[in-house]
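Coordinates in review
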Amino acid sequence: MLDVGRVRSLRRLAGPVLSAYIDTNPATRRNQGHPPGYLAWLKTSARRLRRRVASDERDTFQEAVRRLERALQTQPARARAIVAFVGPKTRQLLRLQVTVHDELQWGPPALEQLLSLLDEHGPAGVVVINRPEARFFRLWLGEMLADDRQRVAFDTAGWRRKDLVGPSHPGIGKRRGVQRDRVASRVEAQHRRFVGTVASRVQRWAERHDLRPVLLVGPSAMIAAVSAAMPELFRPRVATLPENLSRLSPATLHARVQPALAHWRRDDEAAQQLDHKAVE
């Protein structure tokens, strides 16, 4: 996953550098040949751009183009897009799983399109909750990675199954009811701890990584309980998807949560615009 610090470091690159945004998506028709069409695009665009490069920088420019071309030839893209910044002392290649518009620039790092992508596909969180556990995922720029350090388990491993079994001797049937009440009470207490732990961890995790929104996915009663346990000021950053998707693979889960995340972002943007107009 693209690191925030790495994005910030691009601002400090000493120019001139070759900035390239290249559609390398294998589903794009031009990229389905061999060699892929994005290599031909790079050569054609570089020839056009070279005419506008200052004469004393053309050798440096051409070397940057050759370095980028070699990188694309020797390192298969395996991504929907490549964003590259290549200069005499740097070669930064970012592989992204989002769509970019082909662009080739020479001079200071061209960051406008990358910053726009960061704004459109900002970091978000997905927490998949069911009774046994809660799994945490971070999404950014089309990638979704599990954050296993945040995983929360509903721990019943130390419980003895015989607590749920009736007595073997007649005449002490009342003990069975008492035992069942104790187990039910223990389950309820564990449930409350689980909900409270998930709610607290979601808030800290979201604030640490600046995640917006955090999508809670799971049975409606469970995600409602977790949401209710969060501070009121934090809840506007929370979206919900009341479906049990705990058995889905990460790739399928990623596709399934996209509409809910997009819906929250549209509503949030509309709310911000209304607030801005109210201030005016």
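Everything below is about the structure shown above.
Small disclaimer: the values here were computed from a predicted structure and weren't measured.

**Brief notes about helix 6 (residues 220-228)**
- Turning to helix 6, its buried residues are M222, I223, V226 and S227. Seen end-on, helix 6 carries its buried residues on one side only, within an arc spanning 130 degrees. Structural note: helix 6 exposes A221 and A228 on the side pointing more than 90 degrees away from its buried face.

**Some thoughts on the sheet that holds strand 4 (residues 103-107)**
- Strand order in this open sheet of four strands is 3-2-1-4, and the pairing throughout is antiparallel. Only two strands of the sheet have a single neighbouring strand rather than two, namely strand 3 (90-96) and strand 4. Across the sheet, the mean angle separating the axes of adjacent strands is 10 degrees when strand polarity is ignored.
- The pairing of strand 2 (residues 81-87) with strand 3 spans seven bridges and is antiparallel. Across the sheet, V86 pairs through a bridge with R91, a residue of strand 3.
- The strands that helix 2 (residues 37-50) touches are strand 1 (17-23) and strand 4; relative to strand 4, the one it contacts most, it runs at about 40 degrees.

**Regarding the packing of helix 2 against helix 3 (residues 58-74)**
- Close contact between helix 2 and helix 3 brings their axes to 11 Å; oriented N to C, the two are set at 175 degrees. Between helix 2 and helix 3, the angle falls in the class roughly antiparallel. For the pair formed by helix 2 and helix 3, the contact residues are Y38, L39, L42, K43, A46, L49 and R50 on the first element and R58, F61, Q62, V65, L68, E69, L72 and Q73 on the second.

**Describing the pairing of strand 2**
- Counting buried residues in strand 2 gives seven out of seven residues, a clear majority hidden from the surface.
- Across the two faces of strand 2 the burial is the same, with A81, V83, F85 and G87 and I82, A84 and V86 all buried.
- The hairpin turn running from strand 2 into strand 3, its antiparallel successor, is two residues long.

**Side note on the pairing of strand 5 (residues 124-129)**
- The buried fraction of strand 5 is high, at six of six residues.
- Taking every second residue as pointing to the same face, both faces of strand 5 are buried, with A124, V126 and V128 on one and G125, V127 and I129 on the other.
- In this antiparallel pair of consecutive strands, strand 5 and strand 6 (residues 133-140), the connection spans three residues.

**Let's talk about the packing of aromatic side chains**
- With the rule as written, the count across this model stands at three aromatic pairs.
- Plain terms: the ring middles of F61 and W106 are 5.4 Å apart, the flat faces sit at 85 degrees to each other, and that makes the pair edge-to-face. Of this pair, F61 sits in helix 3 while W106 sits in strand 4, placing them 45 residues apart in sequence.
- Judged by its relative accessible area of 0%, F61 falls in the buried class.
- With relative accessibility at 15%, the residue W106 sits in the buried group.
- A centroid spacing of 4.9 Å and a plane angle of 85 degrees characterise the contact between F136 and W205, whose relative ring orientation is edge-to-face. Separated by 69 residues along the polypeptide, F136 in strand 6 and W205 in helix 5 (residues 173-209) bring together distant segments of the chain. With respect to class, F136 is no different from W205; both count as buried.

**As for helix 3**
- Here helix 3 contains 17 residues, and its C-alpha end-to-end distance of 24 Å stays within 8% of the 24 Å for a straight helix at 1.5 Å per residue.
- Taken together, the buried positions of helix 3 are F61, A64, V65, L68, E69, A71 and L72. Seen from one end, helix 3 has its buried residues packed into an arc of 160 degrees, which puts them on one side. Facing away from the buried surface of helix 3 by more than 90 degrees, the exposed residues are D59 and T74.
- On its buried face, helix 3 sits against strand 1, helix 2, strand 2, strand 3 and strand 4.

Criteria and thresholds
- Residues numbered from 1 in each chain as written.
- Predicted model: local features only at pLDDT ≥ 70, side-chain atom pairs only at ≥ 80, totals over all residues.
- Heavy atoms only, no water.
- Buried < 20%, exposed > 50% of the residue type's maximum accessible area, 1.4 Å probe, protein only.
- Helix = DSSP H or I, 4+ residues; strand = E, 2+ residues; numbered from the N terminus.
- Arc of directions from axis to C-beta.
- Pairing = 2+ DSSP bridges.
- Axes fitted to C-alpha atoms, helices over the stretch in contact; angles between N-to-C directions.
- Contact = heavy atoms within 4.5 Å.
- Parallel < 35°, antiparallel > 145°, perpendicular 65-115°, else oblique.
- Phe/Tyr/Trp six-rings, centres within 6.5 Å; stacked < 30°, edge-to-face > 60°.
- Expected span 1.5 Å × (residues − 1).

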